[in-house]
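A structural walkthrough
Next come the chains, spelled out residue by residue.
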Amino acid sequence: MKQLENVRTFGGEQQVWQHQSATLNCTMNFAIFLPEQAKTEKLPVLYWLSGLTCTEQNFITKAGAQRYAAQHKVIIVAPDTSPRGDDVADNESYDLGKGAGFYLNATQQPWAKHYQMYDYIVNELPVLIAEHFPVNGKQAISGHSMGGHGALTIALKNPQRYSSVSAFAPIVAPTQVPWGQKAFQHYLGDNQTQWTQYDATALVNAETRLPIRIDQGDKDSFLTEQLRPELFLDACRAHHVACEYYLRQGYDHSYYFIATFIGEHIAFHAKALYQDPRTA
Ligand SMILES: N[C@@H](CCC(=O)N[C@@H](CS)C(=O)NCC(=O)O)C(=O)O
């Protein structure tokens, strides 16, 4: 592991690290915010998954999350959104290839060799974080747009690993919208049963118990074609699953929207992380 950045902010440290990922077969960067208390205590972790075109930088420079993470004593880990490097397959469009890993394990060529973001986020990264940072084993997950899709699907598939999940303007039904259909066709091929393994609307079921929160701006230009939150909310209702949902008047898809409500999301996760009966 190589440290690329270390900046003091809100009493804590915003760091960026580089490491060789065995899962992704390439060198990856991730960002981590460590509250001041991390010097003496083990703390819970919130994973943040960013959206299309992002790196580990967008969230740490634009969301203003550090103030709230410091206040609530939560470590935030923000990974990159896809494998990186010259030998990693890519596509000219912004919604496929680098910057668009969709938090799944690709099965198709030329993607499968590096595009294993699901395993990276669920398995490799938490082990690496536990080895190098003072974490107490409690985890929550959040994200934006494609990252909201990642957060929801990862939490729904691994409810024992996360205390809570939230999302800003998530892609909730990738199998039913153009962004998801394009990515899944390339990464997963024609096999529709594989597609539903990465679709939050298909994954939510009567056993789902973890706290879920979604914020969505009503002036988001992707709302009606790509995001369609009502599909997920209908599925939650059908299975009697609670989902806190806020449609925010006048907000768009940008980090200005995220910055406005990130404090509420961190408070939401802190409550679950510190009340989690699994906390020793
Ligand atoms: N570039 C695309 C949209 C990409 C986009 O909106 N990306 C969002 C996530 S889905 C983002 O966070 N962009 C980076 C940023 O705002 O810092 C377009 O113009 O249609």
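As annotated in an unreviewed UniProt entry, the protein chain carries the name S-formylglutathione hydrolase and comes from Basfia succiniciproducens. The heading Function (unreviewed entry) in the UniProt record of the protein chain holds the text "Serine hydrolase involved in the detoxification of formaldehyde." Annotation of the protein chain in UniProt includes, under Sequence similarities (unreviewed entry), the sentence "Belongs to the esterase D family."

Looking at the overall build of the protein chain
Along the protein chain, the regular secondary structure elements total 10 helices and 9 strands. Taking 2.2 N^0.38 as the reference for a compact globule, 280 residues should give roughly 19 Å; the C-alpha atoms of the protein chain span a radius of gyration of 17 Å, in line with that estimate. Across its three principal axes, the protein chain shows a C-alpha extent of roughly 50 × 45 × 35 Å. When the 280 residues of the protein chain are sorted by exposure, 59% land in the buried category. Carbon and sulfur atoms make up 49% of the accessible area of the protein chain, which amounts to about 11400 Å² in all. A distance of 6 Å separates the average location of the 22 positive side-chain charges in the protein chain from that of its 27 negative side-chain charges.

Notes on the site of the ligand
Taken together, G51, L52, T53, C54, N58, K62, Y94, H144, S145, F222, H253 and Y255 form the complete shell of residues around the ligand. Contact between the ligand and L52: a nitrogen atom at 3.0 Å from a main-chain N or O atom of the residue. In the environment of the ligand, an oxygen atom lies 2.6 Å from a nitrogen or oxygen atom belonging to the side chain of K62. Look at the ligand: alone it shows 500 Å² of surface, and the protein chains cover 69% of it.

Rules used in this analysis
- As a convention, each chain's residues are numbered from 1 in the sequence order in which they are written.
- The model is predicted, so local features are restricted to residues of pLDDT at least 70 and side-chain atom pairs to those at 80 or more, both for listing and for counting; the totals for chains, interfaces and linings are taken over all residues.
- To get the side-chain values, all heavy atoms of the structure are used, and hydrogens and water are removed first.
- UniProt positions are given in the numbering used here, feature names are shortened, and annotations may be inferred rather than shown by experiment.
- The helix and strand labels rest on DSSP assignments: H or I over at least four residues marks a helix, E over at least two residues marks a strand, and numbering proceeds from the N terminus.
- All radius of gyration figures rest on C-alpha atoms, and the globule criterion is 2.2 Å times the number of residues raised to 0.38.
- Exposure is judged per residue with a 1.4 Å probe applied to protein chains only, and the accessible area is read against the type maximum: over 50% gives exposed, under 20% gives buried, and values in between give partly exposed.
- In short, Shrake-Rupley with a 1.4 Å probe defines the accessible areas, and a residue's cover is counted only from the protein chains shown.
- When charges are counted, Lys and Arg contribute as positive and Asp and Glu as negative, whereas His and the chain ends are disregarded.
- Every charge is mapped to an atom, namely NZ of Lys, CZ of Arg, CG of Asp or CD of Glu.
- Only a single heavy atom is needed: when it lies within 4 Å of a molecule or strand, its residue is near that molecule or strand.
- Two N or O atoms count as a polar contact when they lie within 3.5 Å, although within protein this holds only if one can serve as hydrogen donor and the other as acceptor, and sequence-adjacent residues are included solely when both atoms are side-chain atoms.

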